[in-house]
Amino acid sequence: MFSLTRVIAHNIRNARTKFTLPELAYNYKALEPIISGEIMEIHHTKHHQAYITNYNAAEEKLKVAVEKGDASAIIALQGALRFNGGGHINHSIFWNNLTPESTKPSAEMNSAIEASFGSFEKMVQLLSAVSVGVQGSGWGWLGYDKNEGKIKAVACANQDPLQATTGLIPLLGIDVWEHAYYLQYRNVRADYVKSIFDVINWNDVSERLRKAKE
Ligand code: MN3
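Reading the values: rules and limits
Residues numbered from 1 in each chain as written. Predicted model: local features only at pLDDT ≥ 70, side-chain atom pairs only at ≥ 80, totals over all residues. Heavy atoms only, no water. Pairing = 2+ DSSP bridges. Helix = DSSP H or I, 4+ residues; strand = E, 2+ residues; numbered from the N terminus. Axes fitted to C-alpha atoms, helices over the stretch in contact; angles between N-to-C directions. Donors = N, O, S within 2.8 Å, 3.2 Å for Na, K, Ca; no water. Buried < 20%, exposed > 50% of the residue type's maximum accessible area, 1.4 Å probe, protein only. Core = buried A, V, L, I, M, F, W, Y, C linked by side-chain atoms within 4.5 Å. Contact = heavy atoms within 4.5 Å. Parallel < 35°, antiparallel > 145°, perpendicular 65-115°, else oblique. Left-handed = near helix turned anticlockwise from the far one by under 90°. Salt bridge = Lys/Arg side-chain N within 4 Å of Asp/Glu carboxyl O.

Spatial strand order, β2-β1-β3: 3 strands in an open sheet with antiparallel pairing. The open sheet has two free edges, formed respectively by β2 (150–157) and β3 (169–175), since each of these has just one partner strand. Direction aside, neighbouring strands of the sheet carry axes that sit 25° apart on average. Bridge count between strand β1 (residues 138–145) and β3: 6 bridges; the pairing is antiparallel.

Listed below in structure tokens is the structure:
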């Protein structure tokens, strides 16, 4: 039997563009010697791509489950959506948080850091401690708390996206999954975290703060 609703639902499902891997603003070797080209290439083309592929597959299954009104299947997909969708969101921010160029925080960013942490050095100290201290895999973040008007340094486990998990607006993320550093820094996560501050794109982080405050 012809069902117009079903045809429309089918068309909507097929019309939506799936997530695709965003291009980097720099080449894979650009962040050397801080992060090796080998790590960057694998991290981008294999790890980030896998989150995208798996998210798209889970979303497709979700649409079928929603169409069928299958609550059990919808609920069962939430873990895959959170993990892989979070992986895509987090890495999309991370690549832009990094740059081979020398950048500085904006005046607005500097005042917010001083008001929130006391000084730039104390912020680095706290964000580093939070990032190094993640148990297992996860991320260290600087996030903007819109209610308090302050920047906070917090950790998220696995690929939990900062905003959906804590309400904070993501400004700067440090990926502390072993895939982000192990080929170069081996087990010494603290050295990787210390080094990454040399390739932070403060223009991008400052711009994220400006938008977060709007
Ligand atoms: Mn990663």
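Following the structure, the description resumes.
What follows is about the coordination of the manganese ion. Donor atoms from the polypeptide that coordinate the manganese ion comprise H43 (NE2), H91 (NE2), D175 (OD) and H179 (NE2), at 2.0 to 2.1 Å from the metal. Mapping the donors of the manganese ion onto the primary sequence yields the spacing H-x47-H-x83-D-x3-H. In this pair, H43 sits in helix α2 (residues 37–68) while D175 sits in strand β3, placing the two residues 132 residues apart along the sequence. For the pair shown, H43 and D175 are each scored as buried.

I35, L98, L142, I151, L171, Y192 and I196 are the most contacted members of the largest nonpolar core, which has 49 residues in total. Contact partners of Y192, with chain neighbours within four places excluded, come to I35, F94, I174, D175, V176, A180, Y181 and Y185. Y55, A58, L77 and L81 belong to the second-largest nonpolar core, a separate cluster that totals 5 residues.

The next subject is the packing of helix α5 (residues 107–117) against helix α6 (residues 120–132). Relative to each other, α5 and α6 sit at 65°, their axes nearing to 8 Å. The pairing of α5 with α6 is recorded here as roughly perpendicular in orientation. The handedness of the crossing between α5 and α6 is left-handed. Contacts between α5 and α6 involve N110, I113 and F117 on the former and, on the latter, F120, K122, M123 and L126.

In the structure shown here, the tally under the stated rule is 9 salt bridges. Measuring nitrogen to oxygen at the nearest pair gives 2.8 Å for the salt bridge that ties D145 to K152. Residue classification places K152 among the partly exposed positions, given a relative accessible area of 25%. Residues E207 and R210 are paired through a salt bridge, measuring 2.7 Å at the closest nitrogen-oxygen approach. A residue pair is termed a helical-turn pair when its members lie 3 or 4 positions apart in one helix, as E207 and R210 do in helix α10 (residues 202–212) at 3 residues. Here the salt bridges share partners, and the residues they tie into one network are D145, E148 and K152.

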